[in-house]
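# Results of the structural survey
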Amino acid sequence: TFTDLLKQLAQLEGIERIRISSIEPELLHDEIIKLVSVSEKLLPHFHIPLQSGSDKILQLMKRKYLREVFAGRVLRIKELMPDACIAADVIVGFPGETNEDFDDAYNFIKNLDVTYLHVFTYSERTGTKAIQMEGKVDEREKRRRSQLLHELSETKKKKFYASQVGKTEQVLWESDNIKGLMHGFTGNYVKVVTPYNKELINQITSVKIVSVNNNDTCSIQFQN
């Protein structure tokens, strides 16, 4: 099983960090959440496709879960790992999504303790059942809904980043050099920046998060 695979990966020597890049909510069993919560290698960062915060739309999409399943997974993760980062995929403008459906979904997501959203606008694909469905959403309305969710995502991410100020984390530094700055990510996927230093590339260092910047990054102080 996937859980067995994770258990084996967590014991491999020479691998210091493992992220679960995406996992369906109905497959994110409690055993996996518990395993991540006690592992030093499996990082507290979950990317979980929600797709819609409306049960009606989830059923039209033929998803294998309803929104309360997703909410339950988020709650369980935060119970065991309060500082975990949780990303969610959301699609707007699926056929049949009325303004009321979107408002219902928006309010559900607003009250969820997720960190940020990946927002996608529904587009037709040849050969899918959805292309034959009634209730197509106007392109302008799709853009409006997408913008609202992008703004909500930014608000949530800033709040999460602010909650991390003052905490000490382990950062893996990447190789980019943008205007003299390089970035790295904490275990719970907070993006941090520091003046470029090639000696830091692919290194993991201990840092203290000291402030949130305006470009979705945090400033840090190195810790001994």
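Structure shown above.
Heads up: these notes are all about the structure in this document. This structure is a prediction, so every number in the text was calculated from the model and none was measured.

### Here's the deal with the overall build of the protein chain
Along its length, the protein chain carries six helices and nine strands. Dimensions of the protein chain along its principal axes, counting C-alpha atoms only, are 60 × 40 × 30 Å. Per-residue burial for the protein chain yields a buried fraction of 45% across its 224 residues. Of the contacts formed within the protein chain by residues at least 6 apart in sequence, a portion of 69% connects residues at least 24 apart. Surface accessibility of the protein chain: about 12,300 Å² in total, with carbon and sulfur atoms responsible for 49%.

### Some details on the environment of Ser 37
Within the element layout of this structure, Ser 37 appears in helix H2 (residues 30–38). Under the relative-accessibility criterion, Ser 37 is labelled partly exposed at 28%. Separated by 89 residues in sequence, Ser 37 and Thr 126 have C-alpha atoms that sit 42 Å apart. Leaving out residues up to four positions away in the same chain, Ser 37 has contacts with Leu 80 and Met 81. A distance of 2.6 Å separates a polar atom in the side chain of Ser 37 from the backbone oxygen of Lys 34.

### Thoughts on helix H6 (residues 139–164)
Its 26 residues place the ends of H6 38 Å apart at the C-alpha level, agreeing with the 38 Å of an ideal helix rising 1.5 Å per residue. Those residues of H6 not exposed but buried are Glu 141, Lys 142, Arg 145, Ser 146, Leu 149, Leu 152, Ser 153, Lys 156, Lys 157, Phe 160, Tyr 161 and Gln 164. At the N-terminal boundary of H6, the capping side chain belongs to Asp 138, with an oxygen 2.9 Å from the backbone nitrogen of Arg 140.

### Remarks on the sheet that holds strand S2 (residues 42–51)
The sheet built from four strands is open, its strands ordered S1-S2-S3-S4 with parallel pairing. The outermost strands of the open sheet, each flanked by one partner alone, are strand S1 (18–20) and strand S4 (116–121). Recorded for the sheet is a direction-independent mean angle of 15° between the axes of neighbouring strands. Note that S2 and strand S3 (residues 85–92) share six bridges and pair parallel. Paired with Phe 46 across the strands is Ile 86, a residue of S3. Sheet strands touched by H2: S1 and S2. Its angle to S2, the strand with the most contacts, is close to 145°.

Calculation criteria
- Residues numbered from 1 in each chain as written.
- Predicted model: local features only at pLDDT ≥ 70, side-chain atom pairs only at ≥ 80, totals over all residues.
- Heavy atoms only, no water.
- Helix = DSSP H or I, 4+ residues; strand = E, 2+ residues; numbered from the N terminus.
- Buried < 20%, exposed > 50% of the residue type's maximum accessible area, 1.4 Å probe, protein only.
- Contact = heavy atoms within 4.5 Å.
- Areas by Shrake-Rupley, 256 points an atom, 1.4 Å probe, with all protein chains shown as cover.
- Polar contact = N/O pair within 3.5 Å; in protein donor to acceptor, adjacent residues only side chain to side chain.
- Expected span 1.5 Å × (residues − 1).
- Pairing = 2+ DSSP bridges.
- Axes fitted to C-alpha atoms, helices over the stretch in contact; angles between N-to-C directions.

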